[in-house]
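Structural overview
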Amino acid sequence: MVISELKKQIEQMLLDSGNEDFQFDAREIVREVMGRCSEDKAVTDTEYEKCMQMAGRRVKGEPLQYIFGRWEFYGYDFFVGEGVLIPRPETELLCEKAIEHLKKSGGGFADLCAGSGCIGITVARQTGEKCISVELSEAAFYYLQKNILCNNAEKLITAVKGDIFDEEVISAIPDDSLSAILSNPPYVNKRDMENLQAEVRYEPEAALYGGVDGLDYYRRIFKAYDKKLKKGGLFAVEIGEEQGNAVSLLMEETSYKPLIIKDYSGLDRIVMAIK
Ligand code: GLN
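The present account deals with the structure reproduced in this document. (Residues numbered from 1 in each chain as written. Predicted model: local features only at pLDDT ≥ 70, side-chain atom pairs only at ≥ 80, totals over all residues. Heavy atoms only, no water.)

Thoughts on the sheet that holds strand 5 (residues 157-161)
Whether parallel or antiparallel, the strands of a sheet pair through hydrogen bonds between backbone atoms. Worth spelling out the cut-off: Strands pair, by our definition, only if DSSP identifies at least two bridges between them. We count a stretch as a helix when DSSP gives it H or I for four or more residues in a row; a strand needs E for two or more, and each element gets its number in order from the N terminus. Working convention: axes come from line fits to C-alpha atoms, limited for helices to the stretch in contact. Angles between N-to-C directions cover 0 to 180 degrees. What makes two residues a contact is simply this: any of their non-hydrogen atoms within 4.5 Å.
As summarised here, the arrangement of the seven strands in space is 5-4-3-6-7-9-8, forming an open sheet in which the pairing is mixed. The sheet is open, and its two edges are formed by strand 5 and strand 8 (259-262), each paired on a single side. Strand-to-strand twist across the sheet, computed as the mean angle between neighbouring axes with direction ignored, equals 20°. With four bridges connecting them, strand 8 and strand 9 (residues 268-274) associate as antiparallel partners. Looking across to strand 9, one finds that K262 is bridged to D268. Set on the sheet, helix 11 (residues 216-225) makes contact with strand 3 (109-112), strand 6 (178-183) and strand 7 (229-238); between it and strand 7 the angle comes to about 165°. Sheet contacts for helix 12 (residues 244-252): strand 7, strand 8 and strand 9; angle to strand 9, the most-contacted strand, approximately 15°.

If you want it as structure tokens, here you go:
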């Protein structure tokens, strides 16, 4: 069997399971196992078995990112697996806004609800600024630490294991010390949790569910961290596409003048303000 035949077989398996991205997924699986090579290259038995095992997991609905155990975000590789949110392309926008700001202002920043660490690590690597990454979940914290090491960010990131609303975590950060506070907190509401895509159901509820209206974290985060942000600092959070106005209002309650930024699909995705 050659690669093109293997790919066709996997495509068919995925298509039969109702996968709409069957061509992309089949290509990625073959590339993951065999690397980039020509379509007429012969497939060994071991390679065939590996591909079939991955395709079988994908057929059951498991996300490719968990099957491969890593995923690219902003050109960096992040290890992922059960218990950690998969980095999403739309979150790169939050990084871009933070990088732009920190390149001008300089200074340390925080990534709250850090998960895999993709935001803090990316922004720190791009700017050379130091970051405090806070994550509560045991499983996610493991990936955070691993990703810090694998992306050579040990000197830039301080990983803190704890609840972002825990007084001890908050008081360990000096007041007026941060040039940016970034967060992609859980923001999916109750209704959407019940209608999650099959793949997303594999991801931890703790990283997704933001309470009945999805706004639980935003209700507290601006008040809790306002005093940590320097004047002129950036507070920027990722939001669900229907949360722009509600999150803006919550930010205004803490005397910020928020801006809503749309993602590349034209959906509200970031709310941010300069203190
Ligand atoms: N963007 C994710 C989703 O819709 C949610 C991430 C989050 O809650 N921070 O699946």
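A word on the side chain of D25
Quick reminder of the rule: Only protein chains enter the area calculation, which uses a 1.4 Å probe; residues under 20% of their type maximum are buried, those over 50% are exposed, and those in between are partly exposed.
With respect to the secondary-structure elements, D25 resides in helix 2 (residues 22-34). Residue class for D25 comes out buried when judged on its relative accessible area of 4%. With residues up to four places along the chain from it excluded, the contact list for D25 reads L14, N19, R58 and L64.

Thoughts on the packing of helix 5 (residues 91-105) against helix 6 (residues 118-127)
To keep things clear, this is the line we draw: Here a crossing is taken to be left-handed if its near helix is turned anticlockwise relative to the far helix by less than a right angle, and right-handed if that turn runs clockwise. Put simply, Ala, Val, Leu, Ile, Met, Phe, Trp, Tyr, Cys and Pro go in the nonpolar bin, Asp, Glu, Lys and Arg in the charged bin, and everything else, Gly too, in the polar bin.
At a closest axis distance of 9 Å, the pairing of helix 5 and helix 6 adopts a crossing angle of 35°. Two packed elements cross with a definite hand, and for helix 5 against helix 6 that hand is right-handed. For the pair formed by helix 5 and helix 6, the contact residues are T91, L94, C95, A98, I99, L102 and K103 on the first element and C118, I119, T122, V123, Q126 and T127 on the second. Looking at the contact of helix 5 with helix 6, its residues break down into eight nonpolar, four polar and one charged.

What about the packing of helix 1 (residues 3-16) against helix 2?
Put simply, the rule is: Each angle receives one of four descriptions, namely roughly parallel if under 35 degrees, roughly antiparallel if over 145, roughly perpendicular if within 65 to 115, and oblique otherwise.
Following both chains from N to C, one finds helix 1 and helix 2 inclined at 135°, their axes separated by 8 Å at the closest point. One finds that helix 1 runs oblique with respect to helix 2. Between helix 1 and helix 2 lies a crossing whose hand is right-handed. Between helix 1, through I3, L6, K7, I10, E11, L14 and L15, and helix 2, the contact on the second element is made entirely by F22, Q23, D25, A26, R27, I29, V30 and M34. Class assignment for the residues of the contact of helix 1 with helix 2 results in ten nonpolar, one polar and four charged.

Some details on the nonpolar core
This is how it is decided: By nonpolar core is meant a set of buried Ala, Val, Leu, Ile, Met, Phe, Trp, Tyr and Cys residues that side-chain atoms within 4.5 Å join together.
In terms of nonpolar packing, the biggest core is built from 30 residues, with F109, V123, I157 and L182 touching the most fellow members. Residue assignment for this core shows that the elements contributing at least two residues are strand 2 (76-79), helix 5, helix 6, helix 7 (138-150), strand 6, strand 7 and strand 9. The dominant element in this core, judged by the number of residues it contributes, is helix 5, at six residues. With residues up to four places along the chain from it excluded, the contact list for L182 reads A98, F109, A110, D111, L112, I119, V123, L234 and A236.

Here's the deal with the state of the cysteines
Using the following cut-off: In this description, a disulfide is simply a cysteine sulfur pair whose atoms lie within 2.5 Å.
A complete count under the given rule lists zero disulfides for this structure. Of all cysteine sulfurs in the structure, the one in C51 sits closest to C37, which takes part in no disulfide; the separation is 9.8 Å. For C37, a relative accessible area of 27% corresponds to the partly exposed category. The closest cysteine sulfur to the non-disulfide-bonded C118 is located on C95, 6.2 Å from its own sulfur.

So, the pairing of strand 6
Within strand 6, six of the six residues are buried, which leaves it mostly tucked inside the rest of the structure. Inspection of the sheet shows strand 3 paired to strand 6 by four bridges, in the parallel sense. Bridging across to strand 6, D111 finds its partner in L182. When strand 6 meets strand 7, the two strands line up parallel, connected through five bridges. Paired with S183 across the bridge in strand 7 is V237.

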